[in-house]
Amino acid sequence: MRSGDVKQVLYEVLEDTGGRRVAARLLRQFLIFLIISNIALAVVETVPEVHAFLGDHLKLVQLGCGAIFLAEYILRLYVADLHPPLRRFGPIRSRLRYAVQPDAIVDLIGALPLLFVLFLPDQAVTIVVVLRLLRFFKLARYSPALRSLISAVAAERKALLGSSMIIFGVVLLAATLMYLIENQHQPEKFRSILHGIYWAITTVTTVGYGDVVPVSNLGKMIGGVVMLMGYGLIALPVGIIASAFAREIHSRDFVVTWSMVARVPLFEDLKATEIAEVAKLLQALSVRKGAVIAHVGDVADRMYFISDGEVAIKLPHETVYLGQGSFFGELALINQTPRTAAIIADTDCQLLVLEAGALKHLMDRDAALAKKIMEEARARAFAGKKVLGELAEEELQQAGVFASADEIREEPELFADDGRETERSRLTGRSVRPGRLARHE
């Protein structure tokens, strides 16, 4: 294998692109396990008894994990010039630009403990402990929810800053009033406004340690008002973050769904608003591992999008595997015929389902949309697009598989049950790689 091919394979596995989804998923799960284990070990290692009993073994484990994180960072830096947005900058500049991105900085932080241990073994004990715990932020690469939370906080930073200023203003005002009222009654506890700020913070946050409390009647009245205000003040940033997080999750799910629908050849020429209308027809479906999604002989009247997991399509002689982000069953929207393949969940799956009947109803209401879909279907049939069993040519390409010429046929026209004769001519003019369908990893 050439060095360029090795580099491309590394890029596809590390960045979870291309057809090597199984290898990328295994690497992702291994790194998540390694990150969580490292955080747990860094915490356990601070227990004196554990450190005395397993100190040497834990050190070796930490060194091994550090070496893996360092190798990961170097490899990601090595393949950085293959990222589409960075390719135009050349090998050196693309890597420099990648190195200053947040994900790359977090990866570097995860690799630094090993370098500190090797070159500053005595002076860097505290720094190493802190950096090991900071490896927690590497989980953001693999957790869409955590990334959404970070994005929500960043998007609402002005609102959060404003609410923080309001809270600080109330704290400062309460601390000043309490200092003026309680100083003469408790000079040792309210010696200054700074001591009053400590009381105000514990009161506004509804913590109330009880080590500093007002004793005068006026002070108790002010304290009660501050306590009641605390509930509303703390609700400000909480409400802002909660609403922004929910909006971020909804937007991310909509974008993912919209992009999956837009990738379907039948819909790729539609306007954004028309794709959104089609996306509204999708229904969520959860399937357990091993469950049959569709049986042989069932009427093929549904198209599926894979939000999470992997499905196996059992063709008469072979099996095709499709993973997260893939779609299949476009032919079910074009020509409802009995299924010749069983569809089984290879893992626990989250699917989005588009029914042919729902699409027909939408087309009945929107003549312009119906015209575009009909024209695209006819153009695809006229171009001699190839199909194999239940799968169209583009769906086969998602799995990185090929078929022999005697196994494939041309794609039928749209909705053959409306009176048009479905054309099923033999293939001409396009060579395909001989061989059987195989899972591409």
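## Quick look at the confidence of the model for the protein
Segments scoring low in pLDDT should not have their predicted coordinates read at a detailed level.
Then, in step 1: Here the protein averages 79 in pLDDT, and 83% of its residues register 70 or above.
Then, in step 2: Confidence, expressed as mean pLDDT per element, reaches its minimum in the protein at strand β11 (residues 409-410) with 48 and its maximum at helix α8 (residues 157-182) with 93.

## As for the pattern of salt bridges
Then, in step 1: Enumeration according to the criterion identifies 15 salt bridges in this entry.
Then, in step 2: Taking the shortest distance from any N to any O, the salt bridge between Arg95 and Asp81 comes out at 3.6 Å. Highlighted residues: Arg95 in helix α4 (residues 90-99) and Asp81 in the loop between α3 (48-78) and α4, separated in sequence by 14 residues.
Then, in step 3: Look at Asp81 and you get buried, because its relative accessible area is 15%.
Then, in step 4: Put simply, Arg247 and Glu156 hold a salt bridge, and the shortest N to O gap is 2.5 Å. Note that Arg247 is positioned in helix α10 (residues 217-263) and Glu156 in the loop between α7 (144-155) and α8, a separation of 91 residues in sequence.
Then, in step 5: Note on Arg247: relative accessible area 44%, which makes it partly exposed.
Then, in step 6: Connected through salt bridges with shared partners, the residues Glu15, Glu72, Arg76, Asp107, Lys138 and Arg141 form a single ionic network.

## A closer look at unusual backbone geometry
Then, in step 1: Unlike most non-glycine residues, Thr206 shows phi in positive territory, near 60°.
Then, in step 2: Considering the arrangement of structural elements, one finds Thr206 in the loop between α9 (193-204) and α10.

Rules and cut-offs
- Numbering of residues begins from 1 in every chain and follows the order in which that chain's sequence is written.
- Only residues with pLDDT of at least 70 are given local features in this predicted model, and only at 80 or more are side-chain atom pairs given and counted; all residues enter the totals for whole chains, interfaces and linings.
- As a convention, hydrogens and water are excluded, and side-chain values are obtained from all of the structure's heavy atoms.
- Confidence scores labelled pLDDT are given residue by residue by the predictor and lie between 0 and 100.
- Counting from the N terminus, the helices are the DSSP runs of H or I reaching at least four residues and the strands are the DSSP runs of E reaching at least two.
- The term salt bridge refers to a side-chain nitrogen of Lys or Arg lying within 4 Å of a carboxyl oxygen of Asp or Glu.
- The classification of residues rests on relative accessible area computed with a 1.4 Å probe and restricted to protein chains. Under 20% of the type maximum is buried, over 50% is exposed, and intermediate values are partly exposed.

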